Amino acid sequence: MREADRITGYMKRMTATAMAVLMLLTIMVMPLQAASGAGSKNTAAQVTQETVYIAASGNGSKYHSDPKCSRMKKTVSMTREEAEAEGYEPCKKCYR
Ligand SMILES: [Zn+2]
C-alpha cells in the first residue's frame with residue numbers, strides 16, 4: 001500500500017515536470033508561429049493589391065480579372081481590395 005502511494009507520488013512529480021517542459025516548449029515555439037503568421041498576412045495583402053476591372057457603366061455588381069470579360073465596353077481598373085470595399089463580388093467566369 002505504502003509502496004503504491006510512493007509510486008503514485010513519483011508519477012505525479014514526473015507528470016508535473018513533463019507539463020513544465022511542454023509549457024516551456026510552447027513559449028519557445030510561439031514567437032516562431034507568430035512570425036510565420038505575419039508572413040502569410042503579407043501574402044494575403046498582395047492578393048488584394050491585384051488589379052481588377054469593373055464595368056464603367058456602373059451597372060455591374062461584379063469585378064473581373066479580364067477587362068474583356070462579359071463584353072464590357074468600358075472598364076475601370078482598381079485594386080481587388082477597393083472593389084471588395086465598394087461591394088463588388090468576384091465574377092464567376094474570372095474567379096472560379
Ligand atoms: Zn469576368
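Preceding this section is the structure that the text describes.
Summarised in this report is the structure supplied together with it. (Residues numbered from 1 in each chain as written. Predicted model: local features only at pLDDT ≥ 70, side-chain atom pairs only at ≥ 80, totals over all residues.)

## A short note on the pairing of strand β1 (residues 51–55)
Among the 5 residues of β1, 4 are classified as buried, and the element is accordingly described as predominantly covered. Looking at chain direction, β1 and strand β3 (residues 75–79) are connected through 5 bridges and run antiparallel. Note on β3: the bridge partner recorded for T51 is T79. (Buried ≥ 20, exposed ≤ 12 C-beta atoms within 10 Å, placed from the backbone. Helix = DSSP H or I, 4+ residues; strand = E, 2+ residues; numbered from the N terminus. Pairing = 2+ DSSP bridges.)

## Section: the environment of A56
With respect to the helices and strands, A56 occurs in the loop between β1 and β2 (62–63). Residue classification places A56 among the partly exposed residues on the basis of 13 C-beta atoms within 10 Å. Contacts of A56, omitting those with residues within four sequence positions, involve K74, T75 and V76. (Contact = placed C-beta atoms within 7 Å.)

## A look at the nonpolar core
Judged by nonpolar contacts, V52, Y53, I54, A55, Y63, A83 and C91 together constitute the single largest core of 7 residues. Counting residues per element, this core draws most heavily on β1, which supplies 4 residues. The residues contacting A83, other than those within four sequence positions of it, are V52, I54, Y63, M78 and Y88. (Core = buried A, V, L, I, M, F, W, Y, C linked by C-beta atoms within 7 Å.)

Just geometry here; none of it tells us what the structure is for.
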